[in-house]
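Report on the structure
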Amino acid sequence: MNFKFRGKRISGMAVVLPERELSFLEEMKNFNFPEARSLKLKEVMGYNKRRVVEPGCCVSDLAVHGLQQLFDRGLLKKEEIDAILLVTQTADHFMPSTSSLIQGRLGLKQDMLCLDLNLACAGFVIGLMQAFMLLEQESVKKVVLINGDVLSRKASPKDRNIYPLIGDAVSITVVERDASNATIHANLHMDGTRAETLIIPAGGMRMPSTPETAKLEDVGDNNLLAKDHVFMDGSAVFNFVQTEVPPMIESLLATAGTTVEHIDYFLCHQPNRFMLQKLADKMKIPYEKMPNNVVENYGNTGSATIPMVIALNFQERVQREKMRVCMAGFGGGLAWASMLMELGAMDFNTTIEYKQKS
Amino acid sequence: MNKQEFYQRLAEILDTEEVKPEDTLKQLDGWDSLAVLSVLALADSKYGASIKADEIRAVVTAADLANLVESKKK
């Protein structure tokens, strides 16, 4: 499905990182796994360091801390926020929505919309699309899109497939109108028949958590996980990305009447270095145009990875000048979405550390 | 498909000198989940073959793997 938006821009961004840092090689010592293989994984996949929350820390804690910092530093005003869109798959509660909890904790005005969106790694691009649509309303002048998960809390410490890769973080993106900004093109696809590729089987209404769903089971290669944990079929995800993402981006560029050479950067979701290099190879995009260094610094943080690519590589530049970028997110659902836009001349782009109060 | 070239590429993935058609994959040192992923990528990029990880896990020898890739080649 194709979309077109006019007169919108990202005016500011912040990334909120939990302070706790883990080292891949240190963690792999907890698994019965030869060190030479760990080193190879580090080299090929880019697994190195990641940030995770302390026990008990929720998405709203990171988001409230980040927004409060922006208020305190005069980068954003409380009363300006007309909508909070929160993209997360690790909500604080089933009910109410976590965006409402954030509104309440920060004492934001009542004359606003709070909406949770249950989306995975395509959630930054899809969240932006929702923000643009809200900005079609005259009464909505500023939308705050929050992307974040604390998925490390749902990963089995005994599952080598996923545990050492997951990072926790929240990103805050301020979106507003700007008549001068170029037309934004976007497209998206969804395939619910492949919903079980990335799933937390238990803990919802279909399979409530019980002592039974907390039991660790061997899923092969000595990896143990429970129904309460996040499951990922890694090779199915790999095939999905290699098959679906290149045609999506090609179609987006064609619709916009442009080509790879005219795009400054391809800012993709960051599952690991290997997958991004294969994606670049397949689309004949030079590696330097598709940064892949989020995982080695912070881990795979779900829908917050695109804001993190921007903060990590272009923090100064996006405050100074405009770049023509193609963003692409892909993951659970399954869902995949891409967007072509002018990014830059932001009022702020900042990285905020979160220190948990004990 | 040039099988000799395929075995050479497989050897590179497995970080070994040579892979023979009769070699049993599971007995090769470097045959792990990363190798499976690398084979998926190789099949996709060099041969335009879309293979599932389950299909790779089901094959026994390097020759079986070469045949699988060839059968899925577009």
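See the structure above.
Residues numbered from 1 in each chain as written. Chains lettered and ligands numbered in written order. Predicted model: local features only at pLDDT ≥ 70, side-chain atom pairs only at ≥ 80, totals over all residues. Heavy atoms only, no water.

**Looking at the sheet that holds strand β17 (residues 348–354) of chain A**
Sheets are built from strands that pair by backbone hydrogen bonding, the pairs being arranged parallel or antiparallel. All names here are of chain A. Just so we agree on the cut-off: For two strands to be treated as a pair, DSSP must find at least two bridges joining them. Each helix is a run of DSSP H or I of at least 4 residues and each strand a run of E of at least 2, with the numbering of both proceeding from the N terminus. For every element, the axis is a line fit to its C-alpha atoms; helices are fit only across the contacting stretch, and the angle between N-to-C directions ranges from 0 to 180 degrees. Here a residue-residue contact requires only that any non-hydrogen atoms of the pair lie within 4.5 Å.
Strand order in the open sheet formed by six strands is β6-β5-β7-β8-β2-β17, and the pairing between neighbours is mixed. Each edge of the sheet is formed by a strand with only one pairing partner; in this case those strands are β6 (113–117) and β17. Strand-to-strand twist in this sheet, taken as the mean axis angle between neighbours without regard to direction, amounts to 15°. Here strand β7 (residues 142–149) runs beside strand β8 (residues 169–177); their pairing, made up of eight bridges, is antiparallel. Bridge pairing in β8 links D149 to A169. The sheet strands contacting helix α3 (residues 59–72) are β2 (8–18), β5 (83–87), β7, β8 and β17, and the helix crosses β17 at an angle near 130°. Helix α9 (residues 305–314) contacts β2, β8 and β17 of the sheet and is inclined by roughly 90° relative to β2.

**Digging into the interface of chain B and chain A**
For the record, the criterion: By definition, the buried area sums, over both parts, the 1.4 Å-probe accessible area that each loses when the two are put together. By definition here, a salt bridge exists when the distance from a side-chain nitrogen of Lys or Arg to a carboxyl oxygen of Asp or Glu is within 4 Å. For this analysis, a polar contact is any N or O atom pair within 3.5 Å, provided that within protein one partner can donate a hydrogen and the other can accept it, and provided that sequence-adjacent residues contribute only side-chain to side-chain pairs. Any residue outside Ala, Val, Leu, Ile, Met, Phe, Trp, Tyr, Cys, Pro, Asp, Glu, Lys and Arg is labelled polar, Gly included; the first ten of those are nonpolar and the last four are charged.
On the side of chain A, 13 residues touch chain B, which itself brings 16 residues to the contact. At the boundary of chain B with chain A, total buried surface from both sides reaches about 1200 Å², with 57% on carbon and sulfur atoms. For the chain B face of the interface with chain A, the top three residues by lost area are L34, L37 and D44 of chain B, together amounting to 42%. On inspection of chain B and its partner chain A, the count reaches one salt bridge. Close ionic contact of D44 of chain B with K282 of chain A constitutes a salt bridge, the shortest N to O distance being 2.9 Å. Inspection of the region where chain B meets chain A yields three residue pairs in polar contact (both at pLDDT 80 or more). Elements with a minimum of two residues in the side of chain B that touches chain A: α2 (33–47) and α3 (53–58) of chain B. Here the side of chain B that touches chain A takes six residues from α2 of chain B, the largest share from any one element. Each residue belonging to the side of chain B that touches chain A can be placed in one class, and the counts come to seven nonpolar, three polar and six charged.

**Structural notes on helix α2 (residues 35–45) of chain A**
Threshold: Exposure categories follow from relative accessible area, calculated using a 1.4 Å probe and restricted to protein chains: below 20% of the type maximum is buried, above 50% is exposed, and the middle band is partly exposed. Note that the arc is computed from the directions linking the helix axis to the C-beta atoms.
Buried within α2 of chain A we find S38, L41 and M45 of chain A. Buried residues in α2 of chain A, looked at end-on, bunch into an arc of 60°, giving them a common side. Exposed residues on α2 of chain A whose side chains face more than 90 degrees from its buried face are A36 and E43 of chain A. Check the buried side of α2 of chain A and you find it contacts α1 (24–28), α7 (273–283) and α8 (294–298) of chain A together with α2 of chain B. G46 of chain A, located one to two residues past α2 of chain A, shows a positive phi value of around 85°.

**Overview of the pattern of salt bridges**
Under the defined criterion, the tally for this structure stands at 24 salt bridges over all chains. Among the ionic pairs, E176 of chain A bridges to K142 of chain A, the shortest N-O distance being 3.6 Å. With E176 of chain A in strand β8 and K142 of chain A in strand β7, this residue pair connects regions lying 34 residues apart in the sequence. Note that D54 of chain B is salt-bridged to R57 of chain B, the shortest N-O span being 3.4 Å. In this pair, D54 of chain B and R57 of chain B both sit in helix α3, three residues apart, roughly one turn of the helix. Under the relative-accessibility criterion, R57 of chain B is labelled partly exposed at 47%. Residues joined by salt bridges that share partners form a network here, namely R9, D178 and D347 of chain A.

**Some details on the pairing of β5 of chain A**
Residues and elements named next belong to chain A. The condition is simple: Handedness of a crossover is defined as follows: with both strands directed away from the viewer, a clockwise route from the first strand across the helix to the second makes it right-handed.
Taking burial as the measure, the five residues of β5 include five buried ones, the bulk of the element. Residue alternation in β5 divides its side chains into two sets, A83, L85 and V87 and I84 and L86, and both sets are buried. Bridge count for β5 against β6 is five bridges, and the pairing is parallel. Within β6, the residue paired with V87 across the bridge is L117. Taken together, β5, helix α4 (residues 98–106) and β6 constitute a β-α-β crossover, and its handedness is right-handed. As judged from the five bridges shared by β5 and β7, these two strands associate in the parallel manner. Each bridged residue has a counterpart across the sheet, and for A83 the counterpart in β7 is V143.

Any link to function would need more than the numbers given here.
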